[in-house]
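# Coordinates in review
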Amino acid sequence: VQLQASGGGLVQAGDSLRLSCAASGRAVSRYFVGWFRQAPGKERDFVAAINWSGGSTWSADSVKGRFTVSRDNAKNTVYLQMNSLKPEDTAVYYCAAHDFVRSGRYYESSEYLYWGQGTQVTVSS
């Protein structure tokens, strides 16, 4: 499967953005999908994840209540709705997928086999 992340941009603090992760090659419904982000000079951090059906989601404490992950398997796309953005949310955002993620390990980047190219999100204060 190939993943294409899009929707990033330059916004002001408090604004919203919706990132999309479009899958091609295979149905995204086969995959557990995660969102990660990497700020300059920092490690790649877990942001959110969603299981195959969309019935279960997880998010990092830093984004809980502000970011929501969802999926539309009919459109072969997973979304990350980001509200109340803060300057510290500035990073390159990546979507990743694997057909199997070990229980409770959704936050570990090593659990994901397929990665998109990333989309830049910049939040100004």
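In this text, all values refer to a predicted model and were calculated from it rather than measured experimentally.

### A closer look at the overall build of the protein chain
Within the protein chain, the regular secondary structure consists of zero helices and eleven strands. Relative to the globule expectation of 14 Å for 125 residues, the C-alpha radius of gyration of the protein chain, 13 Å, shows essentially globular dimensions. Taken across its 125 residues, the protein chain has 43% of its residues classed as buried. Positive and negative side-chain charges in the protein chain, numbering 13 and 10 respectively, have mean positions lying 5 Å apart.

### Remarks on the pattern of salt bridges
Taken as a whole, this structure holds five salt bridges when the rule is applied. The partner of Glu111 in a salt bridge is Arg102, and the shortest N-O contact between them spans 2.5 Å. The exposure class of Glu111 is buried, given its relative accessible area of 5%. Glu108 serves as the salt-bridge partner of Arg105, at 2.8 Å between the closest nitrogen and oxygen. Residue Arg105 is classed as partly exposed on the basis of its relative accessible area of 29%.

### Description of the environment of Ala48
With respect to the helices, strands and loops of the structure, Ala48 is situated in strand S5 (residues 44-50). Taking the C-alpha atoms as reference points, Ala48 and Ala27, separated by 21 residues in sequence, lie 20 Å from one another. Apart from residues no more than four positions distant in its own chain, Ala48 is found in contact with Val33, Gly34, Trp35, Trp58, Ser59, Val69 and Leu80.

### Quick word on the sheet that holds strand S7 (residues 67-72)
The four strands are arranged S1-S3-S8-S7 in an open sheet whose pairing can be described as antiparallel. Strand pairing shows two members of the sheet lacking a second neighbour, strand S1 (2-6) and S7, which therefore form its edges. Shown here is a sheet whose adjacent strand axes are inclined to one another by a mean of 15°, direction ignored. Bridge count between S1 and strand S3 (residues 17-24): five bridges; the pairing is antiparallel. Paired with Gln4 across the bridge in S3 is Ala22.

### Here we look at the pairing of S5
Across the seven residues of S5, five count as buried, placing the element largely inside the fold. Here strand S4 (residues 32-38) hands over to S5 after five residues, with Gly41 in that stretch at a positive phi of 75°. Here S5 pairs with strand S6 (residues 57-59) via three bridges, running antiparallel. Bridge assignment links Ile50 to a residue of S6, and that residue is Thr57. Counting the residues between successive antiparallel strands, the hairpin from S5 to S6 contains six residues, one of them, Gly54, with a positive phi of roughly 85°.

### Looking at the nonpolar core
Counting 37 residues, the largest nonpolar core has Trp35, Val47, Phe67, Val78, Leu80, Met82 and Tyr93 as the members making the most contacts within it. Where this core is concerned, the elements lending two or more residues are S1, S3, S4, S5, S7, strand S8 (77-82), strand S9 (91-98) and strand S11 (119-124). Other than its neighbours up to four places away in sequence, Val78 contacts Leu19, Ser20, Cys21, Val28, Val33, Trp35, Ile50, Val69, Ser70 and Arg71.

Cut-offs applied
Residues numbered from 1 in each chain as written. Predicted model: local features only at pLDDT ≥ 70, side-chain atom pairs only at ≥ 80, totals over all residues. Heavy atoms only, no water. Helix = DSSP H or I, 4+ residues; strand = E, 2+ residues; numbered from the N terminus. Rg over C-alpha atoms; globule rule 2.2 N^0.38 Å. Buried < 20%, exposed > 50% of the residue type's maximum accessible area, 1.4 Å probe, protein only. Lys, Arg positive; Asp, Glu negative; His and termini not counted. Charge placed at Lys NZ, Arg CZ, Asp CG, Glu CD. Salt bridge = Lys/Arg side-chain N within 4 Å of Asp/Glu carboxyl O. Contact = heavy atoms within 4.5 Å. Pairing = 2+ DSSP bridges. Axes fitted to C-alpha atoms, helices over the stretch in contact; angles between N-to-C directions. Core = buried A, V, L, I, M, F, W, Y, C linked by side-chain atoms within 4.5 Å.

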